[in-house]
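Chain by chain, the residues run as shown.
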Amino acid sequence: LTSQVELVAYDDPEFHDSLERANIRGVSVASAVVSSAINVVTAAVGIAAAAGVLGVLHPVLLPLLLLAVLPDAWATVRGARMRYSTMYSLIPARRRKWIIAELLADREPAAEVRSFTMRGFLLRMYDAVARAEQEVLLTLARRQTLAGLVGEALGGLGTALVYVALGVLLAVAAIPLAVAGTAVLAIRTGQSSLANLLYATNRLYEDGLYFTDFLQFCADAERRVPAARSAAVPEGFERIVADDVTFTYPGADQPALRGVTVEIKRGEVIAFVGENGSGKTTLAKILSGLYEPDTGTVSWDDVDLADVSPDDLRLRTAVIAQDHTRWPLTARYNITMGTDKGEPALVAAASVAGADEVVAGLPHGYRTLLDRRFKDGCELSGGQWQRIAVARGFHRDADLLICDEPTAALDARAEHALFERIRDHSEGRTVLLITHRLASVRYADRIYVLDHGKVTEQGDHQALMALNGLYAELYTLQAAAYR
Ligand SMILES: Nc1ncnc2c1ncn2[C@@H]1O[C@H](COP(=O)(O)OP(=O)(O)OP(=O)(O)O)[C@@H](O)[C@H]1O
Ligand SMILES: [Mg+2]
C-alpha cells in the first residue's frame, strides 16, 4: 500500500486528509477490530447465559433487563460518534501544530526563524491552535458527559423498575422467594455482562469507523494507481506531441494549463519560457508522465502515454528538477541514483556543470556523505547542490532530458558550460529547457512562450523577436541590463 501511495498524486490535499483520517495504521486498526469483536462475542455468551436463566425463572424479567441497559448503550454509541467526528474535524489543527513544531526544531528553517525573529510568532501561533483544539476537546468532553449522564440516569431508572417488578412478582406470589433471589443474582451477572458487551461493542463501533476510513483510503489509492499498461515507449522516439492538454491541480479553481499543444522532435532543443506561474513546470511534468492531463493527449510517436507504464516512461526521461532533492546520501549516489554505470559515466556526467570540481573538494571524494546529520557528513552550497543535480540528469542518459531552471543557482562559468553542452547537441540528446535566462534560449530550435497556462507564441528566436510580443519584451528587458 505504501508504494501505491507514493505512486498516486502526491499533490492532492484531499488525499492527504483521507490518508491522515485512515491513520494509515491499517494493521493495528484491523487487529483492534478483531480483538473488540472477540470481546463482543465473549460478553454476548455471558448475557445469553444470564438471559436464559431469567427467561426460565419468569418471562417478564427478560425485557426488563434490556430496559436497564439500552439507555447506556445509546449513550456510549453516541459518545463514540461524537469523538470520531471531533477527531476528524481536528485534523487540520493537529497538522498545523505538527508543522509549527517541525519549523521550530528543524535545521533548514533555523536560519530564517532567527533572522526574521519568528520564534515568538510561531510559538503564539502554536498556542492559539492548541487553545482552539483544547476548546474543542472540552466541548466534546462536556457533550459526552451529558450524554453519559442521561444514559446512566435512564439506565438507573430501568434497574429500579426491574427490582420493583421483581418485588411485585414476589408480593403477588407469582414467584417464590428462592427464585427471586436467583433472579437478583442472574440480573446482576446479566448487567455486568451487558456492561462488558456495551464496552466491547462501543470499541468495535469506534474502531469500525476508523477502519471504514482505512478501507475507503485503500479503495481511493487503488483507484488512483493506473491499471496495468502494456504499451512500450518507442525506443528513440521521432517526436513527442502534447495535443490540446488541459490540467488543473487537485483542489485548485484555476487550470494550470489550458489547451496547450507542443511538439518536440528527436535531437531538438526546445525551450519553454514565460513568467512565474505560467505553467512551464506543470507542462514539463505532464510530458515526463508525472501528471496525467485532464483532457488532451501526450504521445511519443504513435503511443499514447495513457497506455504506457509510468515507470517505463520515467526510465526514458531524465529530469533536472527546479526544486531538486538534496538526497542524504553519498555524492556518488546523489548522481547515480542507484544505477551504477561505471566510473567513466559518472565522471562524464559530473563534468557537465562542474560537479567534478565540487566532488574534488570533498574529503572522501565521491564517497563523501552529503548530510551533516551523520559523522563526517558534508554540506554543500546551493549552487554546488545544483551542479550535483545537473550531473544527476546527465548521468541518466535518457531519450528526453528535461532541464527546469537548471542554472538558477549556478555561477557564470558553470552556467556557460552547461548551456554550451546543451547547445552543441553532441550526444544527440533531446532537451527540453525551461529557463528565465533568455540569452541561453536564443539557440533553441523552437521556443514556446507560456502565459497563464496557454501557449501564446512559438517559433525560433528570430521569429519571436520579429513578432514583438511577450518574448521580445522579456528578452529586450533582460538584454538592456547588460548594455
Ligand atoms: N503542486 C502544485 N499544486 C497546486 N498548484 C500548483 C502546484 N504547482 C504549481 N501550481 C500552480 O500552477 C500554476 C503553474 O505553476 P508552474 O509551477 O507550472 O509555473 P512555472 O511556469 O513553472 O513558474 P516558475 O517560473 O515560477 O517556475 C501556478 O499558478 C501555481 O500556483
Ligand atoms: Mg517552474
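Our structure's up above, just so we're on the same page.
A short tour of the structure in this document, coming up.

What counts and how
Residues numbered from 1 in each chain as written. Chains lettered and ligands numbered in written order. Predicted model: local features only at pLDDT ≥ 70, side-chain atom pairs only at ≥ 80, totals over all residues. Heavy atoms only, no water. Helix = DSSP H or I, 4+ residues; strand = E, 2+ residues; numbered from the N terminus. Rg over C-alpha atoms; globule rule 2.2 N^0.38 Å. Buried < 20%, exposed > 50% of the residue type's maximum accessible area, 1.4 Å probe, protein only. Areas by Shrake-Rupley, 256 points an atom, 1.4 Å probe, with all protein chains shown as cover. Lys, Arg positive; Asp, Glu negative; His and termini not counted. Charge placed at Lys NZ, Arg CZ, Asp CG, Glu CD. Contact = heavy atoms within 4.5 Å. Near = heavy atom within 4 Å. Polar contact = N/O pair within 3.5 Å; in protein donor to acceptor, adjacent residues only side chain to side chain. Nonpolar A, V, L, I, M, F, W, Y, C, P; charged D, E, K, R; others polar. Salt bridge = Lys/Arg side-chain N within 4 Å of Asp/Glu carboxyl O. Axes fitted to C-alpha atoms, helices over the stretch in contact; angles between N-to-C directions. Parallel < 35°, antiparallel > 145°, perpendicular 65-115°, else oblique.

## Points about the overall build of the protein chain
For the protein chain, the count of helices and strands is 17 helices and 10 strands. Compactness check: the protein chain gives a C-alpha radius of gyration of 34 Å against a globular reference of 23 Å for 483 residues, more than 25% above the reference. Along the first, second and third principal axes, the C-alpha set of the protein chain runs to 115 × 50 × 45 Å. Out of the 483 residues in the protein chain, the part that is buried amounts to 40%. Carbon and sulfur atoms provide 59% of the accessible area of the protein chain, an area that totals close to 25,700 Å². Charge-centre separation for the protein chain: the mean point of 48 positive side chains lies 7 Å from the mean point of 58 negative side chains.

## Section: the side chain of Thr317
Looking at where Thr317 falls in the secondary structure, it is placed in strand β6 (residues 317-320). We classify Thr317 as buried; its relative accessible area is 4%. Those residues in contact with Thr317 that lie beyond four places of it in its chain are Ser288, Trp300, Arg396, Ala398 and Leu400.

## Quick notes on the site of ligand 1
Among the 13 residues in the neighbourhood of ligand 1, the closest are listed as Gly277, Lys280, Thr281, Thr282 and Gln322. Ser278 is positioned with one of its backbone polar atoms (N or O) 3.2 Å from an oxygen atom of ligand 1. In isolation ligand 1 exposes 630 Å². Once the protein is present, 65% of that is buried. Residues of the shell around ligand 1, tallied by class, amount to two nonpolar, eight polar and three charged.

## Digging into the pattern of salt bridges
In a structure, side chains of opposite charge can pair up when their charged atoms sit close to one another. Summed over all chains, the structure comprises 21 salt bridges. Arg94 is the salt-bridge partner of Glu133, the closest N and O atoms lying 2.7 Å from each other. Taken together, the residues span a long stretch of sequence, with Glu133 in helix α7 (residues 119-171) and Arg94 in helix α5 (residues 91-105) at a distance of 39 residues. Overall, the relative accessible area of 37% leaves Arg94 in the partly exposed class. In this structure, Arg223 engages Asp220 in a salt bridge whose closest nitrogen and oxygen atoms are separated by 3.2 Å. With Arg223 and Asp220 both in helix α8 (residues 177-224), this residue pair falls three residues apart, about one helical turn. Residue classification places Arg223 among the exposed positions, given a relative accessible area of 63%. A cluster of three or more residues bridged by salt bridges with shared partners is formed by Arg94, Lys97 and Glu133.

## Some remarks on the packing of helix α4 (residues 61-89) against α7
With their axes 7 Å apart at the nearest point, α4 and α7 run at an angle of 175° to one another. The orientation of α4 with respect to α7, classified from their angle, is roughly antiparallel. Across the contact of α4 with α7, the residue classes tally to 21 nonpolar, eight polar and five charged.

## Details of the side chain of Glu133
Owing to a relative accessible area of 5%, Glu133 belongs among the buried residues under this scheme. Dropping the residues within four chain positions of it, Glu133 is found in contact with Leu90, Arg94 and Lys97.

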